[in-house]
Amino acid sequence: MPDPTQPASLSTVGTSPIRKEGTAKVLGQARYVDDLHLPGMWFGATVRSTIARGRITSIQFDPAIPWHEFTIVTAADIPGENTIVHLTKDHLCLASEFVNHPNEPILLLAHPDRALLPAAVAAVTITYEELPGVFTIEESEAPDAPTIWEPAAADHHHATAKNTFKTYLMESGAAADLDHIFATADHIIEGEYHTGAQEQLYIENNGVIAECVTFDGIVKSVTVRGAMQCPYYLVHALELVFNLPEEKCRVIQTETGGAFGGKEDFPSVIGSHAALLAMKSGHPVKICYDRAEDMASTTKRHPSRSRHRTAVSKEGKILGGEIEFALDGGAYVTLTPVVLSRGTIHAAGPYHWPALRIRAKAMATNLPPHGAFRGFGAPQSIFATERHMDKIAKVVGLSPEELRRRNLLALGGRTATGQVITDTVDMQHLLTRALAESNYHAKRAEFARTNPTSAIKRGIGFATFFHGAGFTGSGERRLNSLVKIELTPEGRPQILVASTEFGQGTNTILCQVAAETLHLPYEDILIAQPDTARVPNSGPTVASRTAMIVGKLVETAAQKLCVILTNSDGLPPSYSPADFRTAALAYLAQHGTLVVEARYQSPGDIFWDDENYRGEAYPAYAWAVYVAEVAVDTTTYSATCTDFYALQEVGKVLHPVLAKGQIEGGVAQGIGYALYEKCVWQKGHMANNQMTNYIMPTSADLPPIHVAFEEIPSIHGPFGAKGIGELPMDGPAPAILNAIEEATGIAFTEIPLLPEDIFERMTRTPDAGTEDLNPTIDRDTRVEPEVVTS
Amino acid sequence: MTQITFTINKEKKTVEAPPMKRLLDVLREDLHLTGAKEGCGEGECGSCSVLLNGELVNSCLIPALQAEGATITTIEGIAPLAAPDQKLHPIQQCFLEKGGAQCGICTPGMILATHHLLEKYPQPTLLQIQEGLAGNLCRCTGYTRIFEAVQSAASQSNP
Amino acid sequence: MRSNASHYDLIAPATLDAVLEILAAEPGHYTPIAGGTEIMVALGAGRLAQKNLVSINQIKELRFIETTPSQLIIGSGTTFTDIRNSAIIQSDFPLLTQAASWTGSIANQNRGTLGGNIVNGSPAADSPPALLAYEATLTLISTRGTRQMPYADFHLGYKKTALAPDELIQSITLKRIFTGYIPYARKVGTRNAQAISKVAIAALALIQDDTLEDIRIGAASLRDRPSRLTATERTLRGQTITQDTIVTLISQARATLTTEAHPIDDIRSTAKYRAAVAANLLEEFLHSLMNP
């Protein structure tokens, strides 16, 4: 501990203090929602659809169950609108007439004895008139597909094509000349790439406890506490479901056991459900899903299909490209348009495109709605682009490294949205450093030598990519985030934000920023539990925005606090922590309270055109080169990632230990995405909805993960920080599949890539066509003409 | 309902519970020891790990009656194992310092698995750590910070 | 937790005799539960049909490893951790040590028992291939007395066994006759730990003067029950194994294996993959015999 009587000389930012809530976590004292009990609390459960699509024809209750003991909620009980609001209102809170995916909520039950609920849920029989469903992008876009989704009447501007949630058309550079560019290019390289759904698999399932105050049968207020990323998202959902003003919908985030996007939009569903049960039962109601229900019913990463067509000169310069990017959105819109947007922008990668046209669309299917998951569309499109870059290299006859070197963006260049790169990052240097430190060239040569005589084929590959920090485009301006810092009665600064801690380190880094700004020890800074009755809306905790955007606001608020205390004659120019406390207490004695606030102000030079997708897509980007080494065992056809090197430029690293932890954890999820994690769908139902059968990596499945940072301070974040949370999800999958192609000579185009897939490809019989390693002939390319509206 | 008596965190306790009630639920509901978490309910994730007669077990797979007469240590009782009245066990301290806990939900189980591992291998190799913790799934860390925490705890307890 | 624990009964008699009496009194009424690593999963998932359980976890008479000069007898209540810790098993029956290390996680190995793994009857179980290769004998016990049967005859079909409702497996006996045998064991699971087998092989071979005097191959996930690949063994037994013959031998063995493997498609893998990888493992095994 620093001497409280001396000015704090120790800098906090850039060091690794103990995480704020860490001690409670290692002691087992941290209270997650299922650890909480409220007096008189009941338990809730959900009766769900058993089919993918159909009309509900009857609901029967088995008379063996004493139903009078239960509270039963149907859509008819909803006092406000039957909707879970995200971007549109197509998503019902409870299905009443039709169901559009398996495990769609239809009825809610509550009972004081938790143990009685599973049997009660099973005792409700719902019959349906079943309707045909669609389960893939291809089925949804087929000309003869049934119409499974139409925009709500008020939302007709969103899309017009059948089953289409959203489309974007993004044109950049000389896009109008693309026909000519393709007609005259030395090479045209086509490729099609697919990515699968991925389960967030936070170890704490979704769960909430709701309370409801009613008077004369009228709902006066609701309170929901639970695991979540975005308390104000749930506030806004509750406003509609209960027809209440914002201030009557209170949401409290409890300690949250992992989220990764899976607790971004979904708490609006489970939170509304628990609140309805609380309303009708007159008791607080807890709903905590078990693993099987959570996996089968909640959101996953959107499956995707990318089709690339690229014109390239014989020198390996990209001349122009067309990219079609499609997402499977599941049954309802939820956040899909925003996911599609980030995926679309990141599809261009960190490359210079003289001409580029991206057509993007999100299709409805009869799967549970797909939602937010770390990376938010970018891992999908970056996978395709980085696999395609290796393919281009092969066709042109360059190394993967050289092909990228000839096309990487540099300072002063323009991204595909026309944004001028003002970061002084040097991707050429990052590539040089990453390949040197991972020993890429030596290993590539060694594997080329040893593979022919080995049953284990080794390979090394890499991906170069960037990830935008903060909301896309004008998103941050719309969010209009607000941060406050107050003085506690003891004279300690306490940060008030709705930004949530779910493992990534929000509490810790925001306190570091405040401590650094106020010249106080880290230990002196408090951060309040996110409770919308107390904390302002600092925006959702998503999109790698917390360190950069919220951190900057905390810095600004802390500066204001300092100025107020200085101007009140209490705080000397060079002050010790004790001086600060004295000044703070003096101020409080005179004025009672001190609360400062800072509201987001768009930097003047940020411009975004939502219609044409032009301009500053993100305030700042993190830049990275990831190198993966693999071993493919030709006895078992299994591919293993045996070594991993992750180099990134993320601006100032606020907390090196947390930052490394973010990268390592993201890389682990990326390795799972590439090689292990497969959602097995059977008519829209996830068949492997158990941890035993959905395979995430254990401690015995991961390679050493080497993490390195370059730090070029950004003007947009506190002390130069940018965002890092999502970045590590983007690179592993393409780097690994690029390495597998190096190892085997086979250009796999789809993830997850399981041993069964490698087996199928390696053992193709001559009848099915011999393996042709001439990359200019790609048998996987199935580009059909299609009409995309935007 | 059956009376079941066991010693938990050095205290003798008797509970009345259905004999097939999961030990996890007895701990959480009857004894209000909520440090053990349910992550999967099928012995896959290890979040409900406790030490039963010194052995690492998944408490979601133990019927309460099978704990009759047993000695149980949960995360709440781990610190005093190193020294009485100690606030943090060295393993807990190392998890804090090395960033081995992120969201914290796997942390109690991970710390108990580490305790069990270090009892068997005071100076574990990386492979032994990887195997010893393979029954405890962590979605946040990619395990690297956890390995560092375990290695650090091993070096501290055996200078 | 999808079951209501109060709908289930569990008793824990102090002695083996008491357990057997209870099983005999009303055969089929009580189901034994040992380490609980299967039954408790079924309970949690709401699919445990048996409402009355009798714990055998506390029966010390079932948890032992006994060595005689000619054989090793393992009590059915012996845990996988016990097996891994046994020096005699490690030296004389390394396939079994390896199989124990494959099973679940450390926590599962601390609870799961060899008898439970056998009785559960999963075709993907980890220890049966090794027990089949070692030609284990089971001793079954009831109030009617004990009887012995070759383990190879125990599994009758998918999760169907020869165990009578009033019986328990008392012990598993292995003959100490495998000195000089070359062991081979490989599990191909969904991941490196905590994995269910897609396919696994545990095999032994005895070679004298380039001749395969004896070969035994146990397999998981190739049929509806743990199985020994007897036809493949017949193809190989007595054959000369040298650089000149190995290619033909492998091709014959692969062909035979294909006829006797009947794997399935499920959510973990495909039949085609399982059959091909089993053949590859067999090939790897045969190659390993060339330079023992």
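Residues numbered from 1 in each chain as written. Chains lettered and ligands numbered in written order. Predicted model: local features only at pLDDT ≥ 70, side-chain atom pairs only at ≥ 80, totals over all residues.

## Section: the overall build of chain B
Quick note on the threshold: Every helix listed is a DSSP run of H or I at least four residues long, and every strand listed is a run of E at least two residues long, numbered separately from the N terminus. Every radius of gyration here is taken over C-alpha atoms, with the globule rule written as 2.2 Å times N^0.38, N being the number of residues. Any residue whose C-beta has 12 or fewer other C-beta atoms within 10 Å is treated as exposed, any with 20 or more as buried, and any in between as partly exposed, C-beta atoms being built from the backbone. Working definition of a contact: two residues with C-beta atoms, positioned from the backbone, lying within 7 Å.
Helix and strand counts for chain B come out as 6 helices and 5 strands. Along the chain direction, N to C, the helices and strands of chain B fall in the order β-β-α-β-β-β-α-α-α-α-α. Here the C-alpha radius of gyration of chain B, 15 Å, is about what a compact globule of 159 residues would show, namely 15 Å. Overall, the C-alpha framework of chain B stretches about 45 × 30 × 25 Å when taken along its three principal axes. Relative to its 159 residues, chain B shows a buried fraction of 69%. Contacts in chain B between residues at least 24 apart in sequence constitute 56% of all its contacts with a sequence separation of at least 6.

## Side note on the domain arrangement of chain B
Interface size is often expressed as the accessible area that is lost when the parts come together. All names here are of chain B. For clarity, the cut-off: Segmentation into domains, and thus their bounds, comes from an automatic or database assignment. Three classes are used: nonpolar for Ala, Val, Leu, Ile, Met, Phe, Trp, Tyr, Cys and Pro, charged for Asp, Glu, Lys and Arg, and polar for all others, with Gly counted as polar.
What the domain assignment lists for chain B is domain 1 (2-77) and domain 2 (79-157). Here the C-alpha centroids of domain 1 and domain 2 sit 20 Å apart. Each side of the interface is counted separately: domain 1 has 15 residues, and domain 2 has 14 residues. When the residues that make up the side of domain 1 that touches domain 2 are grouped by side-chain class, the tally is 7 nonpolar, 7 polar and 1 charged.

## Description of the interface of chain B and chain A
Taken together, the contacts link 39 residues of chain B with 39 residues of chain A. Sorting the residues of the side of chain B that touches chain A by element identifies α3 (90-98), α4 (107-120), α5 (126-132) and α6 (144-157) of chain B as the ones contributing at least two each. Among the elements that make up the side of chain B that touches chain A, the one with the highest residue count is α3 of chain B (4 residues). A breakdown of the residues in the side of chain B that touches chain A according to their chemical character gives 17 nonpolar, 14 polar and 8 charged.

## Some words on the interface of chain B and chain C
Chain B puts 27 residues into the contact, and the matching count from chain C is 27 residues. Listed by contribution, the elements that provide at least two residues to the side of chain B that touches chain C are β4 (55-58) and α5 of chain B. It is β4 of chain B that contributes the most residues to the side of chain B that touches chain C, 4 residues altogether. Among the residues forming the side of chain B that touches chain C, the class breakdown is 11 nonpolar, 8 polar and 8 charged.

## Regarding the pairing of strand β12 (residues 197-208) of chain C
Within a regular beta strand, the side chains point alternately toward one face of the sheet and then the other, so they alternate between its two faces. All names here are of chain C. To be explicit about the condition: Here, strands pair whenever DSSP counts at least two bridges between them.
Of all 12 residues in β12, 9 are buried; the element is thus mostly enclosed. Relative to strand β13 (residues 211-220), β12 is paired through 9 bridges, and the arrangement is antiparallel. The residue bridging alanine 203 from the neighbouring strand is isoleucine 217, located in β13. Connecting β12 to the antiparallel partner β13 that follows it, the hairpin turn spans 2 residues, and aspartate 209 within it adopts a positive phi of roughly 50°.

## Let's talk about the packing of α4 of chain B against α6 of chain B
All names here are of chain B. Heads up, the rule is: Axis definition: a line fitted to C-alpha atoms, limited for helices to the stretch in contact. Angles are taken between N-to-C directions and run from 0 to 180 degrees. Roughly parallel means an angle under 35 degrees; roughly antiparallel means over 145; roughly perpendicular covers 65 to 115; every other angle is labelled oblique. Put simply, a crossing is left-handed when the front helix is turned counterclockwise from the back one by less than a right angle, and right-handed when it is turned clockwise.
Contact geometry for α4 and α6: axes closest at 11 Å, N-to-C directions at 45°. Judged by the inter-axis angle, α4 sits oblique to α6. Of the two elements, α4 crosses α6, and the hand of that crossing is right-handed. Seen from α4, the contacting residues are Met110, Thr114 and Leu118; seen from α6, they are Ile146, Val150, Ala153, Ala154 and Ser157. Among the residues making up the contact of α4 with α6, the classes are represented as 6 nonpolar, 2 polar and no charged.

## Thoughts on the sheet that holds strand β19 (residues 526-527) of chain A
Residues and elements named next belong to chain A. Within the open sheet, the 4 strands sit side by side as β19-β18-β17-β20. Their pairing is mixed. Strands with a single pairing partner mark the edges of an open sheet, and in this sheet they are β19 and β20 (595-599). Of the strand pairs in this sheet, strand β17 (residues 482-487) and strand β18 (residues 493-496) are connected by 4 bridges, and their pairing is antiparallel. Following the sheet pairing, isoleucine 485 is matched in β18 by isoleucine 495. Strands β17, β18 and β20 of the sheet are contacted by helix α15 (residues 546-567), whose axis makes an angle of about 140° with β20.

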